[in-house]
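Here is what each chain is made of, one letter per residue.
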Amino acid sequence: MAGTFASVVGQLITFEATIVGSVGPYTGSLDYGDGVVDTFTAGTPGVSGATVTLTHTYTAQNPSGYTVTITIQDPFGFSDSDFVTMRIFPGLAVTLTVV
């Protein structure tokens, strides 16, 4: 599901991937585009389909967007990937001073 989404620095973001076809267990990785990559194993052996949920917090803004790519592989060596773009903006901050 390629698309563009937005958030702010420091916000916890949840990514959810639905795997269909073939059978588990599936192995994969989620590359957040900022140098961080999570790996995972999902699904039940011999059962088709799985859902993977991972979270990430960006520590630097990138209004142009980070490319977030998921890659999965089944036990037979077949693989697939998908991506989204995450535009990360600075968070809001305020400082209160007594003078």
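Owing to the predicted nature of the structure, the values given are computational and were not obtained by experimental measurement.

A. View of the overall build of the chain. Tallying secondary structure elements over the chain gives 0 helices and 7 strands in all. Each helix and strand of the chain, ordered N terminal to C terminal, gives the series β-β-β-β-β-β-β. If you line up the chain on its principal axes, its C-alpha atoms span 70 × 25 × 20 Å. Once local pairs closer than 6 in sequence are excluded, the contacts in the chain between residues at least 24 apart make up 63%. Accessible area of the chain: about 6,300 Å², with a carbon and sulfur share of 57%.

B. Spatial organisation of the sheet that holds strand β1 (residues 4-8). Strand order in the open sheet made by the 5 strands is β1-β7-β6-β3-β4, with mixed pairing throughout. Each having just a single partner strand, β1 and β4 (37-42) make up the two edges of the open sheet. Within the sheet, the average angular offset between the axes of one strand and its neighbour, ignoring direction, is 25°. As paired elements, strand β6 (residues 62-73) and strand β7 (residues 79-89) share 9 bridges and run antiparallel to each other. For Gln73, the partnering residue across the bridge sits in β7 and is Ser79.

C. Molecular detail of the packing of aromatic side chains. Here the structure, examined in full by the defined rule, presents 2 aromatic pairs. When the ring of Phe15 is compared with that of Tyr32, the centres are 5.6 Å apart and the planes differ by 55°; the resulting orientation is tilted. Here the residue Phe15 occupies a position in strand β2 (residues 12-19), and Tyr32 occupies one in the loop between β3 (26-31) and β4, the gap between them amounting to 17 residues. Taking the centre distance of 4.6 Å and the plane angle of 15° together, the rings of Tyr58 and Tyr66 count as stacked. The class for Tyr58 is buried, based on a relative accessible area of 1%.

D. How the structure looks around the nonpolar core. Grouped together as the largest cluster of nonpolar side chains are 20 residues, with contacts concentrated most on Phe15, Tyr58 and Val68. Elements supplying a minimum of two residues to this core: β2, β3, β4, β5 (50-57), β6 and β7. Setting aside its immediate chain neighbours within four residues, Val68 contacts Phe15, Leu30, Asp31, Tyr32, Tyr58, Asp82, Phe83, Val84 and Met86.

E. Local environment of the pairing of β4. The pairing of β3 with β4 spans 6 bridges and is classified as antiparallel. Looking across to β4, one finds that Asp31 is bridged to Val37. In this antiparallel pair of consecutive strands, β3 and β4, the connection spans 5 residues, and Gly33 shows a positive phi of 85°.

Calculation criteria
Residues numbered from 1 in each chain as written. Predicted model: local features only at pLDDT ≥ 70, side-chain atom pairs only at ≥ 80, totals over all residues. Heavy atoms only, no water. Helix = DSSP H or I, 4+ residues; strand = E, 2+ residues; numbered from the N terminus. Contact = heavy atoms within 4.5 Å. Areas by Shrake-Rupley, 256 points an atom, 1.4 Å probe, with all protein chains shown as cover. Pairing = 2+ DSSP bridges. Axes fitted to C-alpha atoms, helices over the stretch in contact; angles between N-to-C directions. Phe/Tyr/Trp six-rings, centres within 6.5 Å; stacked < 30°, edge-to-face > 60°. Buried < 20%, exposed > 50% of the residue type's maximum accessible area, 1.4 Å probe, protein only. Core = buried A, V, L, I, M, F, W, Y, C linked by side-chain atoms within 4.5 Å.

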